[in-house]
Amino acid sequence: MGKVSNPRWKCYPHQLFFFLFYSFQSLTSAVIRYSVPEEMDRGSFVGHLANDVGIPRTDVAGRRLRISSSSNTQFLNINSETGDLFLTERVDREELCDKMHLCLLMFEAVVENPLQIFAGEVEIQDINDNSPVFVP
């Protein structure tokens, strides 16, 4: 007699792959983008982060929405009651990004219950506050 195989196990690797793929896909999504002019005051509003990631205002505190950033200076924070993103420091574009064409502050928004992670970036727009230098 030949070896009898269980046909249910033939699909197992494919099922595991799709289960893991869709599980990890729910942890992350597209990049959330904002832009603000440089030199805005500390506490200036950046955006309605909770609303942009689909969390109702009433659920923000219970879902423990928070911001994580890899920069040494924490330029962004979130209001734990409303989910609004705001600046914690005045941002000088020239000091932060020097002569780079695009100046971005990268962050991650972490939500618990259930766990979700959203990538975000804030573009710092130049307001042309430096005097021009003319070369002869």
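Everything below is about the structure shown above.
Residues numbered from 1 in each chain as written. Predicted model: local features only at pLDDT ≥ 70, side-chain atom pairs only at ≥ 80, totals over all residues. Heavy atoms only, no water.

1. Details of the overall build of the protein chain
Item 1. Each helix and strand counted, the protein chain has 4 helices and 7 strands in total.
Item 2. Reading the protein chain from its N end, one meets helices and strands in the order α-β-β-α-α-β-β-β-α-β-β.
Item 3. Classification of the 136 residues of the protein chain by burial places 27% in the buried group.
Item 4. In the protein chain, of all internal contacts separated by at least 6 residues, the share reaching a separation of at least 24 is 58%.
Item 5. If you sum the accessible surface of the protein chain, you get close to 9800 Å²; carbon and sulfur atoms cover 56% of it. (Helix = DSSP H or I, 4+ residues; strand = E, 2+ residues; numbered from the N terminus. Buried < 20%, exposed > 50% of the residue type's maximum accessible area, 1.4 Å probe, protein only. Contact = heavy atoms within 4.5 Å. Areas by Shrake-Rupley, 256 points an atom, 1.4 Å probe, with all protein chains shown as cover.)

2. A short note on the environment of R57
Item 1. Secondary-structure assignment places R57 in the loop between α2 (49-52) and α3 (60-63).
Item 2. Here R57 falls in the partly exposed class, since its relative accessible area comes to 48%.
Item 3. A sequence separation of 25 residues divides R57 from T82, and the C-alpha atoms of the two residues are 5.7 Å apart.
Item 4. Residues within four places of R57 in sequence aside, it is in contact with H48, E81, T82 and D84.
Item 5. A polar contact of 3.4 Å, which involves the side chain of R57, links it to the side chain of D84. (Polar contact = N/O pair within 3.5 Å; in protein donor to acceptor, adjacent residues only side chain to side chain.)

3. Focus: the sheet that holds strand β6 (residues 104-111)
Item 1. Strand order in this open sheet of 4 strands is β1-β7-β6-β3, and the pairing throughout is mixed. The two strands at the open ends of the sheet, each matched to only one other strand, are β1 (32-37) and β3 (66-68). Within the sheet, the average angular offset between the axes of one strand and its neighbour, ignoring direction, is 30°.
Item 2. Looking at chain direction, β3 and β6 are connected through 3 bridges and run antiparallel. In the strand pairing of β6, S68 is matched with E108. (Pairing = 2+ DSSP bridges. Axes fitted to C-alpha atoms, helices over the stretch in contact; angles between N-to-C directions.)

4. Things to note about the side chain of T88
Item 1. For T88, the location among the structural elements is in the loop between β5 (84-87) and α4 (93-97).
Item 2. Not counting residues within four places of it along the chain, the set of residues in contact with T88 comprises R42, Q74, F75, L76 and N77.

5. So, the pattern of salt bridges
Item 1. This model, assessed by the stated rule, comprises 6 salt bridges.
Item 2. The closest approach of N and O atoms between R33 and E121, which form a salt bridge, is 3.0 Å. One end of the pair, R33, is in strand β1; the other, E121, is in strand β7 (residues 116-125), and 88 residues separate them in sequence. (Salt bridge = Lys/Arg side-chain N within 4 Å of Asp/Glu carboxyl O.)

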